[in-house]
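Structure assessment
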Amino acid sequence: MSIITIVGAGMMGSAMCFPAADNGHTVRLVGTPYDKEVIARIQQDHFHPKLNMPLPSGVVAYQYEQLDEALKGCALLVAGVPSFGVDWFAQNVLSRIPDDLVVLSITKGLEDEPDGTLLPISMAYNRYKLAPGRKLSINAIGGPCISMELCNRLHTSVALCGEDADILNWIKSQLITTYYHIQPTTDVIGIECAVAMKNAYAVGVSLAIGLAKKAGVEMSNPQASLFGQAVREMLRLVHLLGGQTDSVIYATSDLYVTINSGRNRKLGEALGQGLTMDEALDKFPGMTLESIPIITRVARALRKRHELGTANFNKFPLLRHLDEIINQGAQVKIPWNEFG
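Since the structure is predicted, the reported quantities are computational estimates derived from the model, not experimental observations. Along each chain, residues carry numbers from 1 onward, in the same order as the chain's sequence is written. Local features in this predicted model are restricted to residues of pLDDT 70 or higher, and side-chain atom pairs are both shown and tallied only at a pLDDT of 80 or more, whereas totals for entire chains, interfaces and linings draw on every residue. The side-chain quantities take in all heavy atoms of the structure and omit both hydrogens and water.

**Comments concerning the nonpolar core**
What tends to happen in soluble globular proteins is that the nonpolar side chains get buried as a cluster. In this description, a nonpolar core means a group of buried Ala, Val, Leu, Ile, Met, Phe, Trp, Tyr and Cys residues linked to one another through side-chain atoms lying within 4.5 Å. The classification of residues rests on relative accessible area computed with a 1.4 Å probe and restricted to protein chains. Under 20% of the type maximum is buried, over 50% is exposed, and intermediate values are partly exposed. The biggest cluster of nonpolar side chains holds 49 residues, and the ones touching the most others in it are M197, Y201, L237, V298 and L319. When contributions to this core are tallied by element, the ones reaching two or more residues are helix 9 (188–215), helix 10 (221–241), helix 11 (248–261), helix 12 (263–272), helix 13 (277–283), helix 14 (291–308) and helix 15 (317–328). With 12 residues, the single largest contributor to this core is helix 9. Setting aside chain neighbours within four positions, we find L237 in contact with L118, C193, M197, V298, L302 and F316. Secondary structure is summarised from DSSP: a helix means a run of H or I of at least four residues, a strand means a run of E of at least two, and numbering begins at the N terminus for each. Between two residues, a contact is recorded if the distance between any of their heavy atoms is within 4.5 Å.

**Quick word on the side chain of K108**
As for its position among the elements, K108 is in the loop between strand 7 (102–105) and strand 8 (110–112). Buried within the structure, K108 lacks any salt-bridge partner; its nearest side chain of opposite charge belongs to D254, at an N-O separation of 4.3 Å. Beyond its immediate sequence surroundings of up to four residues, K108 is in contact with S83, V195, A196, K198, N199, D254, E290 and I294. For the purpose of counting charges, residues Lys and Arg are taken to be positive, whereas Asp and Glu are taken to be negative. His and the chain ends are not included. Basic side-chain nitrogens of Lys or Arg form a salt bridge, by our definition, when they fall within 4 Å of a carboxyl oxygen of Asp or Glu.

**Describing the packing of helix 14 against helix 15**
Lines fitted to C-alpha atoms define the axes here, with helix axes fitted over just the stretch in contact, and angles between the N-to-C directions of these axes take values from 0 to 180 degrees. Across the interface, helix 14 lies against helix 15 with an axial gap of 9 Å and an inter-helix angle of 120°. Read as a crossing pair, helix 14 and helix 15 show a hand that is left-handed. In this structure, helix 14 contributes I292, I295, T296, V298, A299, L302 and R303 to the contact, and helix 15 contributes L319, L322, D323, I326, N327 and Q328. In this classification, the charged set is Asp, Glu, Lys and Arg, the nonpolar set is Ala, Val, Leu, Ile, Met, Phe, Trp, Tyr, Cys and Pro, and all remaining amino acids, among them Gly, are polar. Partitioning the contact of helix 14 with helix 15 into residue classes produces eight nonpolar, three polar and two charged. For any pair of crossing helices, the crossing counts as left-handed if the nearer helix is rotated counterclockwise from the farther one by less than a right angle, and right-handed if it is rotated clockwise.

**A look at the packing of aromatic side chains**
Classification of ring pairs rests on two measures: the distance between centres of Phe, Tyr or Trp rings, Trp counted by its six-membered ring, which must be within 6.5 Å, and the angle between planes, read as stacked under 30 degrees, edge-to-face over 60 and tilted in between. Throughout the structure, instances matching the rule amount to three aromatic pairs. Judged by centre distance (5.5 Å) and plane angle (65°), the rings of W336 and F339 are edge-to-face. Its relative accessible area of 19% is what places F339 among the buried residues.

**So, unusual backbone geometry**
In this model, H46 sits at a positive phi of 70°, which is unusual for a non-glycine residue. Along the polypeptide, H46 turns up in the loop between helix 3 (36–45) and strand 3 (47–48). The phi torsion at R153 lies on the positive side, around 60°, for a residue other than glycine. Inspection of the secondary structure puts R153 in the loop between helix 7 (147–151) and strand 11 (156–161).

**Concerning helix 9**
The terminal C-alpha atoms of helix 9 lie 42 Å apart, and with 28 residues this matches the ideal 40 Å at 1.5 Å per residue to within 8%. Fitting one axis to the seven residues ending at a residue and another to the seven starting there, the bend at that residue is the angle between the two axes. Along its length, helix 9 reaches its greatest deviation from straightness, about 30°, at N199. Of all 28 residues that make up helix 9, 23 are buried, and the element is covered over most of its length. Looking one or two residues beyond helix 9, the residue adopting positive phi is G216, at roughly 70°. A helix's residues, less one, multiplied by 1.5 Å, set its expected span.

**Regarding the packing of helix 9 against helix 15**
Helix 15 packs onto helix 9 with a crossing angle of 80° between their chain directions and a minimal axis gap of 10 Å. For the element pair helix 9 / helix 15, the angle class is roughly perpendicular. Together, M197, A200, Y201, V203, G204 and L207 of helix 9 and L318, L319, L322 and I325 of helix 15 make up the contact between the two elements. Each residue belonging to the contact of helix 9 with helix 15 can be placed in one class, and the counts come to nine nonpolar, one polar and no charged. An angle counts as roughly parallel when it lies under 35 degrees, as roughly antiparallel when it exceeds 145, as roughly perpendicular when it falls between 65 and 115, and as oblique in every other case.

Here it is in C-alpha cells:
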C-alpha cells in the first residue's frame with residue numbers, strides 16, 4: 001500500500017480520503033492556512049465538521065505547518081485546492097516536492113493568456129507556476145462527483161487525464177474502488193476544459209430555475225433548452241482548443257449533477273429570480289463559486305480571439321450573456337434567438 005497526501009481539507013479534497021483509505025492506503029490530509037479549525041477538529045476526534053461525518057480510520061490530519069512531515073514517503077500528492085489557490089499551491093507545496101512525485105489535481109479551472117490562449121490547470125502549473133526548467137507529472141480528474149455522495153460511497157464514473165498512460169493506470173490502481181470508477185485518457189485539454197466549463201454553464205442553465213420561481217410556474221422546456229445550448233458551446237470550445245469532443249460526455253454528466261444540487265446552481269437561480277450579481281454574492285457569503293473566474297477568463301479569451309479572427313465569440317451566446325450578467329451588471333435576458 002502507498003502513502004497518499006492530500007493538500008486541502010475542503011469538501012472534495014476531504015472526500016478523496018474515502019476511496020484512498022478504502023484501498024488500504026495511509027492517507028494524510030493536510031489543511032491549507034484556511035483549514036486550521038477543520039484540521040484541529042479532525043485531530044481532536046476524527047470528525048470532519050464540513051462533511052459532518054468522521055473520516056475513515058486510515059486518515060491522519062496535519063496542519064499546514066506539518067506539510068514536510070506529511071510529504072515524507074508520499075507516493076501520490078493530491079491537490080485539493082480551489083482554482084484561486086493554484087498559485088499558493090505551486091509556491092508553497094509543489095516547490096517542496098521531488099520532481100518524480102506524481103501529482104493529481106482535482107481543481108477545476110482554466111487560465112487565459114493575453115493572446116486568448118486558454119490553459120487547463122495542470123498545463124498552467126508546468127508552464128508558468130513552477131521554477132524555470134521544472135516539469136512535474138501533474139494529472140487531473142473530473143466528472144460527476146458530489147463530495148458527500150463520494151463520502152457515502154455512491155457509484156460514480158470519472159475521467160482521469162494526463163500525458164503518460166502508464167502513470168494514469170498507476171493512479172487508477174491507487175484510487176479505483178467498487179463505487180469510484182475511473183476511466184484514464186490522455187486528452188488533457190478536452191477533459192479539463194469541459195469539466196471546468198460545466199461550472200460556468202451550470203449557472204446558465206439554472207437561470208431558468210430562477211425565472212420559473214420568479215414567475216411562480218413550473219417550467220422544464222427553458223431549462224432543457226439551456227442545457228442543450230450549454231453542451232453545444234462546450235463542444236465548440238473543446239474543439240476550438242484542440243481537445244476530443246467525446247470528453248464533453250464527462251462534463252455533461254457533471255453539469256447534470258451540478259444543476260441538481262451544486263453551489264453554481266444557487267447562483268444561477270438567484271440571478272434568474274432578479275437579484276443583481278452583488279445581491280447574489282451577499283446571499284452566499286463565504287461560498288466558493290469557481291464559475292465566476294471561469295466565465296470571466298474564458299469570455300475574455302474568446303473576445304480576444306474574436307478580435308484576432310481566430311474564433312467567433314458570437315458562437316457562444318450563453319457564455320457571453322453570463323459574462324454580461326456577472327461582469328457588466330446586465331439583467332437576465334436570455335438570447336434565445338442566437339442559440340444554435
